[in-house]
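A closer look at the structure
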Amino acid sequence: MKKLFSKIKSVKGELSFAGDKSISHRAIFFSSMSKGKSRIQNLSLSEDVKSTKKIFEQLGVKFSYHNSELIIEGKGKTGFNAPKNFLDCGNSGTTVRLLSGLLIAQNFSSTLIGDESLSKRPMQRVIEPLQLMCGKIESTNSNLPLTIFPGNKLKNIEYTLPVASAQVKSAVLIAGLHIQDDTKVIEKFITRDHTERMLALPIENRDNHKIILSSEKYYPEPKDYFIPGDVSSSAFFIVLTLLSENSVVLIRDVSLNPTRTGFIEILKHMNAKILIDNVRYSSNEPYGDILVKSSDLKNIVIENDIIPNIIDEIPILSVAGVFAEGSFEIRNCKELRYKESDRIKSICENLKMLGLEVQEYDDGFSIDGEIKNASATFNSFGDHRIAMAFSVLAMLVGNNSSVEGIECVSISNPKFFEQVESING
Ligand code: S3P
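Residues numbered from 1 in each chain as written. Predicted model: local features only at pLDDT ≥ 70, side-chain atom pairs only at ≥ 80, totals over all residues. Heavy atoms only, no water.

**Some thoughts on the overall build of the protein chain**
- When helices and strands are tallied, the protein chain shows 13 helices and 22 strands.
- What you see for the protein chain is a C-alpha radius of gyration of 21 Å, in line with the 22 Å of a compact globule of 425 residues.
- Taking the principal axes of the C-alpha coordinates as reference, the protein chain spans close to 60 × 45 × 45 Å.
- For the protein chain, the distance from the average site of its 50 positive side-chain charges to the average site of its 52 negative ones is 4 Å. (Helix = DSSP H or I, 4+ residues; strand = E, 2+ residues; numbered from the N terminus. Rg over C-alpha atoms; globule rule 2.2 N^0.38 Å. Lys, Arg positive; Asp, Glu negative; His and termini not counted. Charge placed at Lys NZ, Arg CZ, Asp CG, Glu CD.)

And the structure:
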C-alpha cells in the first residue's frame, strides 16, 4: 500500500506507547517457561510479539485476557507439548533466535519457519553456539527452516559473542537455564540486556568485557509484569518533534533502559532539547517520561561502541542527520545489512531519491548536500523501521512525497499513523 504525505508543520500533545517489543517477547518466554500463572500489563501490540505468543500456544501454553492484562499459565521446563505443525516466526528474528535456545532443551522435534525476509536472515550465529552446547539443530544453508531434534544432554559453554547480538546472547542464556553448571556469555560490546534483567542473572566484568552467567538456578518463576512503552517506537516521534517548528511532545511511561537509549544520547549531543523525568522501575527495567521540543540539530561523530545500542534507530537517526547542520556519517554498522531489509541499502536508495549526495560503504553510509527533489516516492522494502523513518521524512518535506509498502509498520507499531494524527497540528 502506498501512502501520500502532506507537510506536517507542527506537532503537539502527549503520547504513550504499547509495551516494548523486546521486553514483551521475553515476558512471554519466561512466563511460559515458568510453572504457574503470570500476568502481563501493557504487552506490545506488534505482529512480532503476536508470532511469539502464537508459537507458545502451539506448544500448549494457555493465554487469556482479564481486562487488558494477559494471563499466562506457564508449563514449566519440560511441560511443553510437541507441536503438530511448523512453528511460524513470521518476520521476527527475536522469536526464532530465542526459541532455538529453548527448543534444543526439549524432548521433541520442532521446525521453525518464517516469512520471506526472515528466511533470508543469517541463523549460523545462533546454530554455532547451540551446537557447541550439544544441541541438535539443522538448517538449509544456515537459513530457515531450522529443525531442532531432541538429543544429548546439554553441556555448559563459555561463549564470546562474535557478533554484538542480544538475540544470540539470549538464545545461549535460555539454553543455559536448562543446564546445572554455569553457562557464560561474554560480550565485548554491550547489547540490550532485557534477558539478564528479567532473570536477574549475575554479571561479572573482566577486562572491560561483560560476562553473564546462566544455569538452572535462575530458571524463571511466575511473575506480574508491567512492560514499559516501546522506546524504539518513540524514536520516530522524538525526531519528528525535534525537526518540526513550534513543537512540544510529552512521551509517558516509556522504557529508559540504558542499552536502548543510545539514540537519545546522540540526539542530545546533536543539540536536541530532550528532558527525561519521573524515572521509575518495573521488573528491573527503568522507565519514565520524555519531553521533546523543536531543536536546531548539528551532526556529530558517532562512536563505534554505541552502535549496538542504536542499531534499531539508525534509520530514523539518518533522517535527523539529513536536516542537521553538517554532514552525517555512520560506520561500523554492517549488522544493518542483516536486519528486516539490508538497511544500509534501503536507507541509501531512499535518500538518493531526494537528490542528496549519499555514499554507501560496506559498513555504513554518509549523507551530504541539500534536498533537490522533495516529491520523492520512498520504498519501505517491507521493513517496518524503514517505512516509519521515511514516513517521518515524507511528513517533514511534504510536497506529496509518498512511501510504498507502509502496511509493514504493524510489525512493531500498528498505531503509528493514528499516533501521528493525534499530535498533528
Ligand atoms: C533484539 C535485538 C536486536 C534488535 C532487534 C531486537 C532483541 O537484534 O535489532 O530488533 O529483542 O533481542 P540483534 O540481537 O540481532 O542485534
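**As for the sheet that holds strand β1 (residues 2–5)**
- Strand order in this open sheet of 3 strands is β1-β22-β21, and the pairing throughout is mixed. Unpaired on one side and paired on the other, β1 and β21 (377–379) mark the two borders of the sheet. Going from strand to strand, the sheet's axes swing by 20 degrees on average, the running direction of each strand aside.
- Pairing between β21 and strand β22 (residues 401–404): 3 bridges, direction parallel. For Thr-377, the partnering residue across the bridge sits in β22 and is Ser-402.
- Sheet contacts for helix α12 (residues 384–397): β1, β21 and β22; angle to β22, the most-contacted strand, approximately 170 degrees. (Pairing = 2+ DSSP bridges. Axes fitted to C-alpha atoms, helices over the stretch in contact; angles between N-to-C directions. Contact = heavy atoms within 4.5 Å.)

**Remarks on the domain arrangement of the protein chain**
- By domain assignment, the protein chain separates into domain 1 (2–18 + 229–423) and domain 2 (21–214).
- Here domain 1 and domain 2 have C-alpha centroids that lie 28 Å from each other.
- The interface of domain 1 with domain 2 comprises 30 residues on the first partner and 25 residues on the second.
- For the pairing of domain 1 and domain 2, the buried interface totals around 2,300 Å² over both sides, and the portion due to carbon and sulfur atoms is 50%. (Domains from an automatic or database assignment. Buried area = accessible area lost by both parts, 1.4 Å probe.)

**Topic: empty space enclosed by the protein**
- For the coordinates displayed, the defined rule picks out 1 cavity of 30 Å³ or more.
- Taken as a whole, the largest cavity spans an internal volume of roughly 60 Å³.
- Of the residues assigned to the lining of the largest cavity, the class counts are 4 nonpolar, 6 polar and 1 charged. (1 Å grid on protein atoms, 1.4 Å probe; cavity = no way out; pocket = protein on both sides within 12 Å on 5 of 7 lines; lining within 4 Å. Points joined across faces, edges and corners; volume = space filled by probe spheres on them. Nonpolar A, V, L, I, M, F, W, Y, C, P; charged D, E, K, R; others polar.)

**Observations concerning the site of the ligand**
- Around the ligand, a shell composed of Ser-22, Arg-26, Thr-94, Ala-164, Ser-165, Ala-166, Gln-167, Arg-192, Ile-311, Asp-312 and Lys-339 is seen.
- The side chain of Ser-165 places a nitrogen or oxygen atom 2.9 Å from an oxygen atom of the ligand.
- A distance of 2.9 Å is found between an oxygen atom of the ligand and a backbone nitrogen or oxygen belonging to Gln-167.
- Because more than half of its atoms lie within 2 Å of the grid, the ligand is assigned to the largest pocket.
- Only α1 (21–33) and α5 (166–176) provide two or more residues apiece to the shell around the ligand.
- Within the shell around the ligand, the residues separate by chemical class into 3 nonpolar, 4 polar and 4 charged. (Near = heavy atom within 4 Å. Polar contact = N/O pair within 3.5 Å; in protein donor to acceptor, adjacent residues only side chain to side chain. Sits in = over half its atoms within 2 Å of the grid points.)

**Remarks on the sheet that holds strand β7 (residues 110–113)**
- Strand order in the open sheet made by the 4 strands is β6-β7-β9-β8, with mixed pairing throughout. Strand pairing shows two members of the sheet lacking a second neighbour, β6 (87–88) and β8 (136–140), which therefore form its edges.
- Direction of pairing for β7 relative to strand β9 (residues 143–149): antiparallel, over a ladder of 3 bridges. Paired with Ser-110 across the strands is Ile-148, a residue of β9.

**A short note on the side chain of Arg-343**
- Residue placement: Arg-343 occurs in helix α11 (residues 343–352).
- Exposure remark for Arg-343: the relative accessible area of 0% places this residue in the buried category.
- Beyond its immediate stretch of four places on either side in the chain, Arg-343 contacts Asp-312, Pro-315, Leu-336, Arg-337, Asp-383, His-384, Arg-385 and Ile-386. (Buried < 20%, exposed > 50% of the residue type's maximum accessible area, 1.4 Å probe, protein only.)

**A word on the layout of surface pockets**
- Its volume calculated, the largest pocket comes out at about 800 Å³.
- Along its surface, the largest pocket is lined by 40 residues, and Ala-164, Ser-165, Pro-308, Ile-311 and Glu-335 are the ones closest to its centre.
- Of the residues contributing to the lining of the largest pocket, the split by class is 12 nonpolar, 10 polar and 18 charged.
- Two domains each provide a minimum of three residues to the lining of the largest pocket, namely domain 1 (2–18 + 229–423) and domain 2 (21–214).

**Here's the deal with the pattern of salt bridges**
- In total, this model carries 30 salt bridges according to the counting rule given.
- The salt bridge partner of Arg-385 is Asp-312, with a shortest N-O separation of 3.8 Å. Of this pair, Arg-385 sits in helix α12 while Asp-312 sits in the loop between α9 (307–310) and α10 (314–323), and the two are 73 residues apart along the sequence. In this structure, Arg-385 and Asp-312 share a single accessibility class: buried.
- In this structure, Arg-343 engages Asp-383 in a salt bridge whose closest nitrogen and oxygen atoms are separated by 2.8 Å. (Salt bridge = Lys/Arg side-chain N within 4 Å of Asp/Glu carboxyl O.)

**Here we look at the packing of aromatic side chains**
- According to the stated counting rule, one finds 10 aromatic pairs in the structure shown.
- Between Phe-5 and Phe-417, the ring centres sit 6.2 Å apart and the planes meet at 40 degrees, which makes this aromatic pair tilted. Of this pair, Phe-5 sits in strand β1 while Phe-417 sits in helix α13 (residues 416–423), and the two are 412 residues apart along the sequence.
- Above the ring of Phe-417, the side-chain terminus of Lys-3 is found at 4.9 Å from the ring centroid.
- Over the face of the ring belonging to Tyr-361 we find Arg-331, whose NZ or CZ atom lies 3.7 Å from the ring centre. (Phe/Tyr/Trp six-rings, centres within 6.5 Å; stacked < 30°, edge-to-face > 60°. Lys NZ or Arg CZ within 6 Å of the ring centre and 35° of its normal.)

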